[in-house]
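Here is what each chain is made of, one letter per residue.
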Amino acid sequence: MEKKNCTLATMKDVAKVAGVSTATVSRTLMNPDKVSARTRQKVENAVLEVGYYPHNLAKNLRRNESRAILVIVPSISDPFFTEVIRGIEETAAEHAYLVLIGDCKHQQQEHAFINLLITKRIDGMILLGSNIPFGVSKEEQKNLPPMVMANEFAPELELPTVHIDNLTCAFNATHHLQKLGHTRIACITGPENMPLCHYRLQGYIQALRRTGEDIRKEYIIRGDFTHESGAKLAETLLTLPTPPTAIFCHSDVMAMGAMWQAKKMGLKLPEDLSVVGFDNLDLVQYCDPALTTVAQPRYEIGHHSMLLLLEQLQGRLVSKGSRLLDAELIIRESSCSPKS
């Protein structure tokens, strides 16, 4: 199928790879609900493999006229992403691009995303998580539109990436608690499948090892970046035989849940429990007490990821790999020295 590199693939190419007739290919693309899920999957995979676009859109393909990009969001309800998306939106608007949002967690519309690619209704994609929302091989990835990853870092995908140094930021947050005198520091991390959680957990562990403290397995607990998990896991930690005097949460949302639960249990913050978050959402400065947290440059992450995508859309060669932005620890009232 070498010709796909020099000429546009045809419907016959798709039919041959999928093992179906050209009529079935046409029906799948025009009326996907009228074919079986198995047939639709075979045709869609073949389309991605050969790099086929419908003939009547070939001119748009060459002239790059869709002027739309797709942003894949792990969860649209997570307030972390609002500023990132604003950075993407405003930068895209300056260059006359429309932004479409795909919510992986709540929509689960893998077919809808593939259809946008097949019909060339998008020119590029920005991934705000570490997963492409549909399975593609390395060979098929070459036929996808330009992609940029923002916020996460997954080197195996070989994409241009904009993010922060999560390991160092987590180390600094944990070390801040150590400097205040805390030795019983717990960690509420995030989902196992998110690379940034591994980096943040490693930063926490390295800070403890730097001062020679034991790593208590019962102090490391996994949440899902919701208020509910922060509250539930804080209760688990605070009812241990030897409870922590400080909790480092891998998101502000979980930190707020943890603070709510601690106060519900009668603890006085920060005297009885120090809490540190991650993200610096706008509302955390209005918590009681105001939250100490790692400030991510969320708008800038969106802005720079869109600029990287624009470079590719304009035909420039963009190197793969990491672009690190600065982040800092903002110290507020939720952290203090432990009771003696």
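Counting restarts for each chain: residues are numbered from 1 in the order of the written sequence. Totals for whole chains, interfaces and linings use all residues, but because this is a predicted model, local features are given only for residues with pLDDT of at least 70 and pairs of side-chain atoms are given and counted only at 80 or more. Computation of side-chain values: all heavy atoms of the structure, hydrogens and water removed.

Named according to an unreviewed UniProt entry, the chain is HTH-type transcriptional repressor CytR originating from Xenorhabdus szentirmaii DSM 16338.

Trainee: What should I look at first to understand the overall build of the chain in this one?
Mentor: When its secondary structure is counted, the chain shows 13 helices and 12 strands. Throughout this description, buried means an accessible area under 20% of the type-specific maximum (1.4 Å probe, protein chains only), exposed means over 50%, and partly exposed covers the range between. Taken over 340 residues, the chain has a buried fraction of 53%. Where accessible areas are quoted, they stem from the Shrake-Rupley method and a 1.4 Å probe; at the residue level, only the protein chains shown are allowed to cover. Only carbon and sulfur atoms are counted for the fraction: they give 51% of the accessible area of the chain, which is about 16,000 Å². Numbered from the N terminus, helices here are DSSP runs of H or I no shorter than four residues, and strands are runs of E no shorter than two.

Trainee: Explain the environment of Thr-82 here, please?
Mentor: Structurally, Thr-82 can be placed in helix H5 (residues 81-94). With relative accessibility at 47%, the residue Thr-82 sits in the partly exposed group. Taking the C-alpha atoms as reference points, Thr-82 and Gly-302, separated by 220 residues in sequence, lie 9.7 Å from one another. Within the structure, the side chain of Thr-82 is placed 2.9 Å from the backbone oxygen of Pro-79, a separation counted as a polar contact. Think of a polar contact as two N or O atoms within 3.5 Å of one another; within protein, one of them needs to be a possible hydrogen donor and the other a possible acceptor, and neighboring residues in sequence only count if both atoms come from side chains.

Trainee: For this particular structure, what's the right way to read the sheet that holds strand S10 (residues 292-295)?
Mentor: Two strands in a sheet stick together by hydrogen bonds in their backbones, pointing the same way (parallel) or opposite ways (antiparallel). Paired strands, as defined in this entry, are two strands with at least two bridges between them according to DSSP. An order of S7-S6-S8-S9-S10-S12 is seen for the 6 strands of this open sheet, with the pairing classed as mixed. Edge strands, defined here as strands with exactly one partner in the open sheet, are strand S7 (220-222) and strand S12 (328-330). The average undirected angle you get between the axes of adjacent strands in this sheet is 20°. As defined by bridge partners, strand S6 (residues 185-189) adjoins S7 across 3 bridges and the pair is classed as parallel. Bridging across to S7, Ile-188 finds its partner in Ile-221. Where helix H9 (residues 166-179) meets the sheet, it contacts S6, strand S8 (246-249), strand S9 (274-279), S10 and S12, and its direction lies at approximately 165° from that of S9. The sheet contacts of helix H10 (residues 195-210) involve S6, S7, S8 and S9, and relative to S6 the element is tilted by about 175°. With axes taken as lines fitted to C-alpha atoms, and helix axes fitted only over the stretch in contact, angles between N-to-C directions fall between 0 and 180 degrees. Contacts between residues were defined by any pair of non-hydrogen atoms, one from each residue, lying within 4.5 Å.

Trainee: Can you walk me through the sheet that holds strand S1 (residues 68-73) in this structure?
Mentor: Pairing is parallel in the open sheet, where 6 strands are placed in the order S2-S1-S3-S4-S5-S11. Of all strands in the sheet, those with a lone pairing partner are strand S2 (98-103) and strand S11 (321-324), marking the two edges. Averaged over all pairs of adjacent strands, the angle between strand axes in this sheet comes to 25°, irrespective of strand direction. Helix H13 (residues 298-313) contacts S1, strand S3 (124-127), strand S4 (147-150), strand S5 (160-163) and S11 of the sheet and is inclined by roughly 165° relative to S4.

Trainee: I would appreciate a short explanation of the nonpolar core in the present structure.
Mentor: Within soluble globular proteins, side chains that are nonpolar tend to cluster in buried spots. Among the nonpolar cores identified, the biggest contains 67 residues, and Ile-69, Ile-88, Ile-126, Leu-128, Tyr-204, Phe-248 and Met-306 are the most heavily contacted of them. Broken down by element, this core gets its largest block of residues, 7 residues, from helix H12 (residues 252-264). Domain segmentation is taken from an automatic or database assignment of domains. Counting residues domain by domain, this core receives three or more from each of domain 2 (65-164 + 299-325) and domain 3 (166-296). Here Ile-69 is in contact with Ile-88, Tyr-97, Leu-98, Val-99, Leu-100, Ile-122, Gly-124, Ile-126, Met-306, Leu-309 and Leu-313, once residues within four sequence places are set aside. Buried residues of nine kinds, namely Ala, Val, Leu, Ile, Met, Phe, Trp, Tyr and Cys, make up a nonpolar core once their side-chain atoms join them within 4.5 Å.

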